[in-house]
Structure formats: structure tokens, C-alpha cells
Amino acid sequence: MPAIHAQSFLLPLLLLLVPAPSVALRPAARAPRGVRGGALPPLSMGWGADLAFHKGEVVSSAAPYEGSKLIKVQVPEEVAKAHLIPGQFVQLKAETAEQPGFFAIANAPAAVEGPTVLEFLVKEAESSANDWLLALGEGATVEVSDVMGSGFRIQEHLLDAEPKLKEVLLIATGTGVAPMRAVINSGVLQGVFEAGGKGTLLVGARTEAALPFGAEFDDWKAKGWEVKTALSKGAAGKKYVQDVLKEEVKLAAPDASAALIVGQKGCWEECREELLARGVAETRVRNNF
């Protein structure tokens with residue numbers, strides 16, 4: 001199954017979904033992701049020759065965070081309606097290009113900005129394969145694939161499992177925060193808070209200015225989420241999400257806890273090992289592919 005890396009235009013053994021290779025990760029690290037919500041119709045994974053592309057139009061392209069852009073694209077209604085679960089993604093390409101890139105959808109399925117707008121967090125980098133997308137302005141045309149992937153099957157893997165979920169961690173670095181934003185804003189985990197449970201977002205970036213969706217953290221906190229940050233080039237010294245997990249996160253009931261992770265492979269492996277060692281069930285440590 002391919003990884004959704006905002007920078008990857010190949011379909012080898014893609015092991016990640018929208019992580020950023022240069023954010024708050026140990027130098028040796030690489031990336032991953034996992035949920036669902038209720039009884040839904042069968043999902044089209046979108047792999048194969050029958051994958052359809054549709055014309056989309058850029059509604060806005062802004063750079064509110066250092067090192068990335070938030071790009072909003074108006075898509076056909078049939079594409080928007082297929083976005084059912086947080087963590088799903090699409091392929092985007094220029095009209096004249098043959099090789100597409102993979103991008104996680106950053107907005108919640110039930111909270112699209114208008115009937116047919118999808119949002120994408122795109123990493124800026126020197127000599128980036130995303131340069132064509134970053135250069136597009138309002139009104140530009142982009143080819144958008146059918147919605148792909150199973151997303152985070154939260155209902156199935158987290159909420160329906162026993163014992164009843166009491167604490168959930170969302171762990172992400174860089175542009176990997178995009179699908180986590182979709183999870184938070186979808187409200188699918190609000191029942192955990194209503195039942196007296198706890199939710200924590202661990203997010204990594206190079207600097208505070210580079211924290212994606214930092215302006216939305218207060219809104220997320222108001223919904224019940226605790227937000228912890230890890231800055232690899234912060235004033236207080238180098239710190240990664242793995243460090244925050246080990247040093248600052250205490251799980252009162254590991255067997256009733258779960259985690260969704262989007263990050264480089266090394267980050268995924270280190271966080272997963274830490275959580276399993278504490279007693280979190282392997283089936284409750286998920287990514288979104």
C-alpha cells in the first residue's frame with residue numbers, strides 16, 4: 001500500500017502518509033499513520049488503471065506557517081462526497097504532468113469549507129517536487145484523483161474495541177498534522193472526552209513558527225485536547241515527539257489507551273515500541289493506510 005508522502009511521486013513500497021522528512025524527527029527516523037467512523041459503504045482504495053482524475057480549481061494558497069502552504073481546492077461533488085473518513089488522501093498533478101503526488105486531506109469529512117472544498121498542507125523545500133503546486137495561485141487548475149485510502153478507522157479499531165477507550169494520543173510531525181487536524185475537527189473522538197477520558201496531540205516541527213495549524217491549537221484545546229509540542233530547532237534545545245512521549249506523557253490505563261501516528265518510519269517505530277512496552281494493545285496503535 002503506498003505511503004502518502006507530500007513529497008513522493010513514486011509508488012514503490014510507500015510506508016508513510018503525509019509526513020515531512022525534515023521536522024522534529026531523529027535524523028535516522030522515517031515515517032507512518034491509522035481510523036474509521038461508523039458503518040460506512042465499502043471504500044474504493046483507488047489503486048490501478050481505473051483511477052480517475054478530475055479537474056479542480058485552487059480557491060486559495062496561503063503560507064501561514066513557516067515551511068508549508070495550506071492550499072484549498074474546489075473539487076467536483078462526487079470527489080468531495082467520497083471523503084468519508086479522516087486520514088484519507090488524493091493524488092494531485094498538473095494538467096500536463098504524468099506523475100502525481102500524494103496528499104492527505106487536511107479538513108474533516110463533515111466540515112468541508114463549502115460543499116466541495118478539500119484542503120492540503122504542502123511542504124515547501126528547495127528543489128521540491130511540489131514546486132508546481134506551491135506556485136499555483138487562486139483560479140489555477142489542478143488534476144485531482146478519486147479519494148483514496150481507508151483512513152483512520154477509529155470506530156472499528158479504537159471505539160468499538162474493549163476495554164472502553166479512556167485516553168487517545170495523536171502523534172504527528174510536520175505536514176503529518178494534516179490528517180490529525182481532520183480527526184480532531186471531525187469530532188469522532190469527542191465521546192471520549194464526554195465520558196471523562198483524555199486526548200493529547202503531540203506535534204513536532206523545526207521551530208514554533210513552523211508548527212502547522214498553530215493558530216488552531218486554542219480551538220482544539222477548547223474541544224478537550226491537550227497539545228504538546230516538540231521543536232527540533234527550538235530555543236530550549238533539540239526535542240522530538242518521541243522524547244515528549246517518553247518524558248511527558250503518562251498513561252493512567254494503558255490497556256484502555258490508543259494512539260494514531262503519522263511520521264517518518266523511525267518515529268513510528270520508536271513511538272510504537274514505547275507504547276507497546278507500556279501495555280497499549282498493538283491493535284490500538286494505528287496509522288492511516
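For the structure itself, consult the block above.
Within each chain, residue numbers correspond to sequence positions counted from 1 in written order. pLDDT decides what is reported in this predicted model: residues at 70 or higher carry local features, side-chain atom pairs at 80 or more are listed and counted, and totals for whole chains, interfaces and linings draw on all residues regardless. To get the side-chain values, take all heavy atoms of the structure and skip hydrogens and water.

Draft legend 1. Structural detail: the packing of helix α7 (residues 241-248) against helix α8 (residues 265-278). Between α7 and α8, the least distance of the axes is 9 Å, while the angle of their chain directions is 15°. In terms of orientation, α7 lies roughly parallel with respect to α8. Every pair of crossing elements has a handedness; the one defined by α7 and α8 is left-handed. For the pair α7 and α8, contact is made by Val-241, Gln-242, Leu-245 and Lys-246 and by Cys-267, Glu-270, Cys-271, Glu-274, Leu-275 and Arg-278, respectively. Grouping the constituent residues of the contact of α7 with α8 by class yields five nonpolar, one polar and four charged. Inter-axis angles, ranging from 0 to 180 degrees, are taken between N-to-C directions of lines fitted to C-alpha atoms, where helices are fitted over the stretch in contact. A helix here means a DSSP run of H or I that spans at least four residues, while a strand means a run of E at least two residues long, and both kinds are numbered starting from the N terminus. Between 65 and 115 degrees an angle is taken as roughly perpendicular, under 35 as roughly parallel, over 145 as roughly antiparallel, and anywhere else as oblique. Crossings are assigned a handedness: left-handed for a near helix turned anticlockwise from the far helix by less than a right angle, right-handed for a clockwise turn. Whether two residues are in contact is decided by their heavy atoms: any pair within 4.5 Å suffices. Residue type decides the class: Asp, Glu, Lys and Arg count as charged, Ala, Val, Leu, Ile, Met, Phe, Trp, Tyr, Cys and Pro as nonpolar, and the leftover types, Gly among them, as polar.

Draft legend 2. Summary view of the pattern of salt bridges. What makes a salt bridge here is a side-chain nitrogen of Lys or Arg within 4 Å of a carboxyl oxygen of Asp or Glu, nothing more. Following the criterion strictly, the structure yields 15 salt bridges and no others. A salt bridge links Lys-246 to Glu-270, with the shortest nitrogen-to-oxygen separation between them at 2.8 Å. Taken together, the residues span a long stretch of sequence, with Lys-246 in helix α7 and Glu-270 in helix α8 at a distance of 24 residues. Where Arg-272 meets Glu-282, a salt bridge forms, and the shortest distance between an N and an O atom there is 2.4 Å.

Draft legend 3. Spotlight on the packing of aromatic side chains. Here a Phe, Tyr or Trp ring, Trp counted by its six-membered ring, pairs with any other such ring whose centre lies within 6.5 Å, and the pair is stacked when the planes are under 30 degrees apart, edge-to-face when over 60, and tilted otherwise. For the structure on display, the rule yields five aromatic pairs. Ring centres 5.1 Å apart and planes at 85° place the aromatic pair Phe-193 and Trp-225 in the edge-to-face group. Of the two residues, Phe-193 sits in helix α5 (residues 190-194) while Trp-225 sits in strand β9 (residues 225-231), which places them 32 residues apart along the sequence. Each member of the pair, Phe-193 together with Trp-225, is buried. Buried, partly exposed and exposed residues are distinguished by accessible area as a fraction of the type maximum, computed with a 1.4 Å probe on protein chains only: under 20%, between the cut-offs, and over 50%, respectively.

Draft legend 4. Structural context of the sheet that holds strand β5 (residues 117-123). Note on pairing: two strands pair once DSSP finds at least 2 bridges between them. Judged by pairing direction, the sheet is antiparallel, and its six strands sit side by side in the order β4-β3-β6-β1-β2-β5 without closing on themselves. Of all strands in the sheet, those with a lone pairing partner are β4 (101-104) and β5, marking the two edges. Ignoring which end each strand starts from, the neighbouring axes of this sheet average 40° apart.

Draft legend 5. A look at unusual backbone geometry. In this structure, the amide linkage connecting Glu-162 to the following residue, Pro-163, adopts the cis form with an omega of 0°. In this fold, Pro-163 is placed in the loop between α3 (154-159) and β7 (167-173). Of note, Phe-213 is a non-glycine position whose phi angle comes to about 65°, a positive value. As for its position among the elements, Phe-213 is in the loop between β8 (198-205) and α6 (217-222). A residue is classified by how much of its surface remains accessible, and Phe-213, at 0% relative accessible area, is buried.

Purely geometric stuff here, so don't read any function into it on its own.
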